[in-house]
Amino acid sequence: MYRGRLNPREVVGEVVSKYGCDRGRLVQILQEIQKTFRYLPRESLEEVSEKLGVSLSEVLNVATFYHQFRLEPVGRYIIYVCFGTACYLRGASEVYEAIRRSAGLSNGRSTTEDGLLTVEKARCFGCCSLAPVAMVLSSDGSERYVHGKLTPQAGRRLVFNYRSKARE
Amino acid sequence: MLTQTSLNRILYGSRGFRIRVPISSCTLAAGAGEVYRKVIKVVEEHGVDAEVYRVGCTGLCFMDPWIELAREGLPPAIYGNVKTEQIEHIIKNYSEGDLSEATAVRFKTGSGGPPALEEVDFWRYQVRYVSRNCGLVDPESIYDYIETGGYLGLKKALYMKQEEVIEVIKTSGLRGRGGAGFPTWLKWKIAYEQKNDVKYVICNGDEGDPGAFMNRLLAESDPHRVLEGLIIAGYAVGATRGIIFVRAEKPLMADRLEKAVEDARKLGFLGKNILSSNFNFDVEVYRSAGAFVCGEETALIAAIEGRSRPRQRPPYPATHGLWGRPTVINNVETLAHVATIFQTGVEEFVKHGTEKSRGTKMFCVTGAVKRTGVYEVPIGTKIKTLVFDLAGGSIEGRKVKAVQIGGPSGGCIPAELMDLEMDYESLQSYGAIMGSGGLVVIDDSNCMVDVAKFFTSFTLAESCGKCLPCRVGMRHLSDLLERLTSGEASLEDIEVAQELGESIARSSLCALGGTAPNPILSTLRYFKDEYVEHVVNRRCPAKVCAKLVKYSVDPALCRGCTQCARVCQVGAISGSPGEVHRINYDICIKCGQCLIACPFGAIKKV
Amino acid sequence: MVKVYVNGVEVEVPPGVPIIEAVEKAGYRVPVLCYLNDFFSEATCRLCVVLVNGRVVPACKFPVSDGAKIVTESRELDTYRRMNFQLLLSTHRIKCWSCLRKTSCSLLDLSKQLNLGEFPVCSECPLTGDDCLVAKGEPCLGPLTAAGCSAECTRNGVPCLGCRGYIEDPELWRDSMRDLYEKHGVDGEKLEAAAKFFWSFLPGELKKIISEVSRDK
Ligand SMILES: Cc1cc2nc3c(=O)[nH]c(=O)nc-3n(C[C@H](O)[C@H](O)[C@H](O)COP(=O)(O)O)c2cc1C
Ligand code: SF4
Ligand code: FES
Ligand code: FES
């Protein structure tokens, strides 16, 4: 699942030496690790806990507290459907359902079987005036698109477009 | 303070012709990136002697993407909702002096033609005080900011004694724009009086309220103003370090602030002996991983320290904050106000607002209105003015039912109270809060119980789980609303919701729990009949609550195209091609797919 | 030293100490749960709420200030404390009959203090393990009966007849039926006979469950 043959423990070593063994930098360290792996592999969290000398439960506490962190691998593109107030009132749930259906997701799964797309709910991106909004992120963080004024149809198109893009 | 020459330089640039294209998160989402590229292409291909100029956003989001053309001798003209294919045409016509396609002009030079900004509704009622530069200057250029009078405020402040700086803010009567409206000077004074060699000032740019983005807009469009305010705050309380706390979800905001910090450092507005005074101060931008509760000041401090949850106050951060040191936390907009007050003088600031709350406030109006966007108006402006005059009222054919003010912890104000003048106290007495200033307009296609459910599930998910009433109580409230929207609740449940809500509000640890029941309490206060309808008649008047609606085929409209039968996952729809289709209610799971699929609008919710 | 008034009683305490110290010094009590002096004081349970100058605050954490007027009892406070306690219990799997903390349960103490009958008689019964009457196969109604009588009968070896009334939570009945009566093979008919003593007070649902259990045997 890891990109290349990166070893989580080595990566953590590098990151920690960059930020120092400072408990106060825990969030940044996790952010940096997630940038490399697109999510936080279990071993990396264990390594962080050892290196910083804080308990694993405390590392997990931080990792599960913030929305940004993911503990499971994700697809190539992550479609975040905004469930902020403005978007919700303008029909975000219908868009979300349409996107999930056309991505073929059911039973609480959020990543497609082919591993190309992940669909998740998110909080406001600050583009409320274009509600409903979805943000698409490539999982390595290099690409970012925001799509506004969505309809269920547009949602289905979105899935189609990004799926073919991910195949490239 | 902005002289005519400076203004001209900013407006027209050195080449006498500037084309402004807004590059910020919201305009980019609306397609400003393509517009920007296209403008550059057109200018190059046609050899137009114009400078393509990146600016922030004006807050007039409904007309994104827009561009503004400004050539010396012509009134600067704003074109809203431009499409890439129009650009060539627009530039050509404008260059020839034909402004007829413009949405508005900044000011008029003759009669006729498009209206001036001060004549159009979406501008007329605004007082652009802190947002004066938004959409006018390049947010990534410190020189442009200085041209508009930037860092003059800091210079003035550094000539004063610390007490005098605090005194200026005291006479201005500035109150925090982050929610609670706490007097800014008082916070500063307490921190100033602490004997401690290390103090911090923090700019709270967390902005977790869904439906509010004025902080993001301000920091993306005029980051130096925020930074200048932070430096002044640092000087006033005697801090050595400032931190700007931004969410990682708003990367452009963080990038621009970081750039601003770097540029300011280069020009000596940060660092050692700032502007040859003996004041040393530096700033760091902190990217948070995003959690709503981190906007709360003790949680914000905890987040920087690598923990994550609020703690009981007192001690307040002003005496016992980051790493145990005195710390002042101010909102992005508050700090921008500080800088502007020092630039313009207090007189300019106190002209607007009410007796108790001076000045202006930026409000985000979103939801079911024609012109969504950010509007800066004096505090004490009527809700009506914002919703109907500035934002243009409800979308065709709909009726405004309520306005939700203050984010997930605010309350719903019904349409009958639109005359209410918005200030901290009046909103609170009606069950809402000013919050960060987000107004979400709710129309008759929304169900108030569903709205309450939405906010409750939001706060439940965002509850940090530290204290009992918020953690467990909100779960019960959320379950209860779930039952209400499925038609399984009893009238007794409504009473329980009321009592439980009040108990959570009064006994929670931090203000998240303290305000989390607001949406349910305020909707219960003004829209109890909707709740009762859900219970007694098991009916959702707005036809939103999925479990209480039924889908049916309108035989007059159905043409028998079989679309609906094909999308239905459970096979509840029958009928042969060309015939009116029927839905079998025993099988239907009310997923609503047929409604979306029908090309003739023949499927209706009943 | 600062002067504060606890329910009108003037006391002097060192500045900065939590209100609870002033309350205790004045001879009053407030229910506390999460407060463990220096060991843990994060004010998370919110059971110790008191009014300070009209504001609801946790006594275990909120510091005293000079001249503060503290109120420890009022209807409002009582509502909040009970509400919070019930919220706490709603996440608690009550299985007093097999709980290790049986004889030193702070929840039980609090429940008595707040006058809430949420616990079964088993919570007060000192008989554990092999001594438990149910484990001996006796049709004791302790697991179904609201606590508060210090379990005098069972203490003396007499199976509980449920004279204090039955606990309200149907989930608890199910747990106790499954966990206890079935496991120890209590004779269903005897159980029904015991329950019949106060049968008319028995909630319908409980009647049904008991009948089911007795039929199974
Ligand atoms: C749950 C919660 C979320 C908050 N979120 C924010 C926020 O996103 N931005 C903000 O400026 N203040 C937020 N606040 C308010 C801050 O705690 C604090 O009052 C404010 O930053 C003080 O700045 P001011 O005095 O300039 O208003 C939040 C408060 C709570 C309880
Ligand atoms: S009120 Fe909610 S968010 Fe605040 S401390 Fe308690 S659990 Fe956490
Ligand atoms: S509510 Fe969706 S972007 Fe703000
Ligand atoms: S004892 Fe738990 S909050 Fe005070």
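Cut-offs and rules
- Residues numbered from 1 in each chain as written.
- Chains lettered and ligands numbered in written order.
- Predicted model: local features only at pLDDT ≥ 70, side-chain atom pairs only at ≥ 80, totals over all residues.
- Heavy atoms only, no water.
- Helix = DSSP H or I, 4+ residues; strand = E, 2+ residues; numbered from the N terminus.
- Rg over C-alpha atoms; globule rule 2.2 N^0.38 Å.
- Buried < 20%, exposed > 50% of the residue type's maximum accessible area, 1.4 Å probe, protein only.
- Contact = heavy atoms within 4.5 Å.
- Areas by Shrake-Rupley, 256 points an atom, 1.4 Å probe, with all protein chains shown as cover.
- Lys, Arg positive; Asp, Glu negative; His and termini not counted.
- Charge placed at Lys NZ, Arg CZ, Asp CG, Glu CD.
- Buried area = accessible area lost by both parts, 1.4 Å probe.
- Salt bridge = Lys/Arg side-chain N within 4 Å of Asp/Glu carboxyl O.
- Axes fitted to C-alpha atoms, helices over the stretch in contact; angles between N-to-C directions.
- Parallel < 35°, antiparallel > 145°, perpendicular 65-115°, else oblique.
- Nonpolar A, V, L, I, M, F, W, Y, C, P; charged D, E, K, R; others polar.
- Near = heavy atom within 4 Å.
- Pairing = 2+ DSSP bridges.
- Polar contact = N/O pair within 3.5 Å; in protein donor to acceptor, adjacent residues only side chain to side chain.
- Expected span 1.5 Å × (residues − 1).
- Arc of directions from axis to C-beta.
- Domains from an automatic or database assignment.

Engineer: Describe in detail the overall build of chain B, supporting the description with residues and values.
Structural biologist: Scanning chain B for helices and strands turns up 25 helices and 18 strands. Scaling as 2.2 N^0.38, a compact globule of 606 residues should have a C-alpha radius of gyration of about 25 Å, and chain B matches this with 26 Å. On the principal axes, the C-alpha backbone points of chain B span a range of 80 × 65 × 40 Å. Looking at the 606 residues of chain B, the share that counts as buried comes to 63%.

Engineer: Describe the overall build of chain C, with residues and values.
Structural biologist: Per the secondary structure count, chain C includes seven helices and five strands. Along chain C, helices and strands appear, N-terminal first, in the series β-β-α-β-β-β-α-α-α-α-α-α. Principal-axis analysis of the C-alpha atoms gives chain C an extent of 70 × 30 × 25 Å. Within chain C, the fraction of its 217 residues that count as buried is 47%. The contacts of chain C with a sequence gap of at least 6 include a subset with a gap of at least 24, amounting to 57%. Accessible surface, chain C as shown: approximately 10900 Å² in total, 49% of it carbon and sulfur. Averaging the locations of the 27 positively and 29 negatively charged side chains of chain C gives two centres separated by 1 Å.

Engineer: Give me the lowdown on the interface of chain B and chain C, citing residues and values where you can.
Structural biologist: It is common to give the size of an interface as the accessible area that goes away when the parts come together. In this assembly, 20 residues from chain B lie in contact with 23 residues from chain C. Area buried by chain B at its contact with chain C is led by Gln312, Leu468 and Arg506 of chain B, which between them contribute 36% of it. Where chain B touches chain C, the interface holds two salt bridges. Note that Lys466 of chain B and Glu42 of chain C form a salt bridge whose closest N and O atoms lie 2.4 Å from each other.

Engineer: Describe the packing of helix 19 (residues 468–485) of chain B against helix 2 (residues 75–89) of chain C, naming the residues involved and giving the relevant values.
Structural biologist: Following both chains from N to C, one finds helix 19 of chain B and helix 2 of chain C inclined at 70°, their axes separated by 9 Å at the closest point. The angle between helix 19 of chain B and helix 2 of chain C falls in the class roughly perpendicular. Side by side, helix 19 of chain B and helix 2 of chain C meet where Leu468, Pro469, Val472, Gly473 and His476 of chain B of the first sit next to Asn84, Leu87 and Leu88 of chain C of the second. When grouped by side-chain class, the residues that make up the contact of helix 19 of chain B with helix 2 of chain C number five nonpolar, three polar and no charged.

Engineer: Break down the site of ligand 2 for me, with residues and values.
Structural biologist: Neighbouring residues of ligand 2: 13 residues in total, closest Cys464, Cys467, Cys470, Cys510 and Gly513 of chain B. Of the residues contributing to the shell around ligand 2, the split by class is eight nonpolar, four polar and one charged.

Engineer: Can you explain the sheet that holds strand 8 (residues 282–288) of chain B? Please cite residues and give values.
Structural biologist: All names here are of chain B. In space, the four strands of this open sheet follow the order 8-7-6-9, with parallel pairing throughout. Only two strands of the sheet have a single partner each, and these edge strands are strand 8 and strand 9 (327–331). Across this sheet, the average inter-strand angle for adjacent strands is 20°, counted without regard to direction. Packed on one face of the sheet, helix 12 (residues 251–266) meets strand 6 (200–205), strand 7 (241–247) and strand 8 and runs near 165° to strand 8.

Engineer: A description of the interface of chain A and chain B should follow, citing residues and the corresponding values.
Structural biologist: Across the contact, 35 residues belong to chain A and 54 residues belong to chain B. Note on chain A versus chain B: buried area summed over both sides is about 3700 Å², and carbon and sulfur give 55% of it. Here chain A is connected to chain B by two salt bridges. Measuring nitrogen to oxygen at the nearest pair gives 3.4 Å for the salt bridge that ties Glu462 of chain B to Arg123 of chain A. Here chain A and chain B share 10 residue pairs in polar contact (both at pLDDT 80 or more) between them. Among the secondary structure elements, those contributing two or more residues to the side of chain A that touches chain B are helix 2 (26–37), helix 4 (56–65), helix 5 (85–89), strand 4 (144–147) and helix 7 (152–167) of chain A. When the residues that make up the side of chain A that touches chain B are grouped by side-chain class, the tally is 17 nonpolar, 11 polar and seven charged.

Engineer: Break down the site of ligand 1 for me, citing the residues and quoting the values.
Structural biologist: All names here are of chain B. As a structural note, the neighbourhood of ligand 1 is formed by 18 residues, with Gly178, Lys187, Glu207, Asn331 and Thr334 the closest of them. Gly208 is positioned with one of its backbone polar atoms (N or O) 3.3 Å from an oxygen atom of ligand 1. Contacts to ligand 1 include Gly295, whose backbone N or O atom sits 3.3 Å from a nitrogen atom. Coverage of ligand 1 by the protein amounts to 89% of the 610 Å² it exposes when considered alone. No other element matches the three residues that strand 9 contributes to the shell around ligand 1. Class assignment for the residues of the shell around ligand 1 results in four nonpolar, eight polar and six charged.

Engineer: Tell me about helix 1 (residues 8–19) of chain A, and name the residues and values.
Structural biologist: Residue and element names in this part refer to chain A. Taking 1.5 Å as the rise per residue, helix 1 with 12 residues should run 16 Å; its terminal C-alpha atoms sit 16 Å apart, in good agreement. Considered for burial, the residues of helix 1 that qualify are Pro8, Val11, Val12, Val15 and Val16. Taken around the axis of helix 1, the buried residues stretch over an arc of 130°, which confines them to a single face. When the buried face of helix 1 is taken as reference, the exposed residues oriented beyond 90 degrees from it are Glu10, Glu14, Ser17 and Lys18. Packed against the buried residues of helix 1 are helix 2 and helix 3 (42–52). Measuring from the side-chain oxygen of the N-cap residue of helix 1 to the backbone nitrogen of Arg9 gives 2.9 Å; that N-cap residue is Asn7.

Engineer: Before we move on, could you go through helix 5 (residues 170–182) of chain C and cite the residues and values that matter?
Structural biologist: Working note: α-helix, 3.6 residues per turn, so residues spaced by three or four point in the same direction. Here helix 5 of chain C spans 17 Å end to end across 13 residues, near enough to the 18 Å set by a 1.5 Å rise per residue. Every buried residue belonging to helix 5 of chain C is among Leu172, Trp173, Asp175, Ser176, Met177, Leu180 and Tyr181 of chain C, and all of these are buried.

Engineer: Could you give an account of the domain arrangement of chain C, naming the residues involved and the relevant values?
Structural biologist: Residues and elements named next belong to chain C. Each assigned domain of chain C is listed with its residue range as follows: domain 1 (2–89) and domain 2 (96–212). If you average the C-alpha positions of domain 1 and of domain 2, the two centres end up 34 Å apart. Between domain 1 and domain 2, the residue contacts involve 12 residues of the former and 10 residues of the latter. For the pair domain 1 and domain 2, the two sides together bury roughly 960 Å², of which 74% comes from carbon and sulfur. Viewed at the interface, domain 2 and domain 1 are joined by zero salt bridges. Run the count over domain 1 and domain 2 and you get one residue pair in polar contact (both at pLDDT 80 or more).

Engineer: Before we move on, could you go through the packing of helix 20 (residues 491–507) of chain B against helix 23 (residues 528–536) of chain B and cite the residues and values that matter?
Structural biologist: In helix packing, the relevant descriptors are the interaxial angle and the interaxial distance, both defined with respect to the helix axes. Residue and element names in this part refer to chain B. Where helix 20 contacts helix 23, the axes come no closer than 9 Å and their chain directions differ by 140°. Looking at the two axes, helix 20 sits oblique to helix 23. Along the contact surface, helix 20 presents Leu491, Ile494 and Glu495, while helix 23 presents Lys528, Tyr531, Val532, Val535 and Val536. Tallied by class, the residues present in the contact of helix 20 with helix 23 amount to six nonpolar, no polar and two charged.

Engineer: Describe in detail the environment of Ser221 of chain B, supporting the description with residues and values.
Structural biologist: Residue and element names in this part refer to chain B. Its place among the elements puts Ser221 in helix 10 (residues 214–221). Residues Ser221 and Phe600, spaced 379 residues apart in sequence, show a C-alpha to C-alpha distance of 44 Å. Discounting residues that sit within four places of it in the chain, Ser221 has contacts with Gly56, Cys57, Asn133, Cys134, Gly135, Val137 and Pro139. Engagement of the side chain of Ser221 in a polar contact is seen with the backbone nitrogen of Cys57, the distance being 2.9 Å.

Engineer: Explain the pairing of strand 11 (residues 373–378) of chain B to me, and be specific about the residues and the numbers.
Structural biologist: Residue and element names in this part refer to chain B. Counting buried residues in strand 11 gives six out of six residues, a clear majority hidden from the surface. Direction of pairing for strand 10 (residues 360–367) relative to strand 11: antiparallel, over a ladder of six bridges. Bridge pairing in strand 11 places Met362 opposite Glu376. The hairpin formed by strand 10 and strand 11 contains five residues between the paired strands.

Engineer: If you had to explain the pattern of salt bridges to someone new, which residues and values would you point to?
Structural biologist: Going through the model one piece at a time under the given rule, you end up with 48 salt bridges over all chains. A salt bridge links Asp49 of chain B to Arg15 of chain B, with the nearest nitrogen and oxygen atoms 3.2 Å apart. On the criterion of sequence distance, the pair formed by Asp49 of chain B in the loop between helix 3 (32–45) and strand 2 (51–55) and Arg15 of chain B in the loop between helix 1 (4–12) and strand 1 (17–22) is long-range, its members being 34 residues apart. In this structure, Glu220 of chain B and Arg216 of chain B form a salt bridge, with 3.3 Å as the shortest nitrogen-oxygen distance. Highlighted residues: Glu220 of chain B and Arg216 of chain B, both in helix 10, separated by four residues, approximately one helical turn. Arg216 of chain B shares its class with Glu220 of chain B; the two are buried. Here the salt bridges do not stand alone but share partners, grouping Arg9, Arg42, Glu46, Glu47 and Lys51 of chain A into one network.

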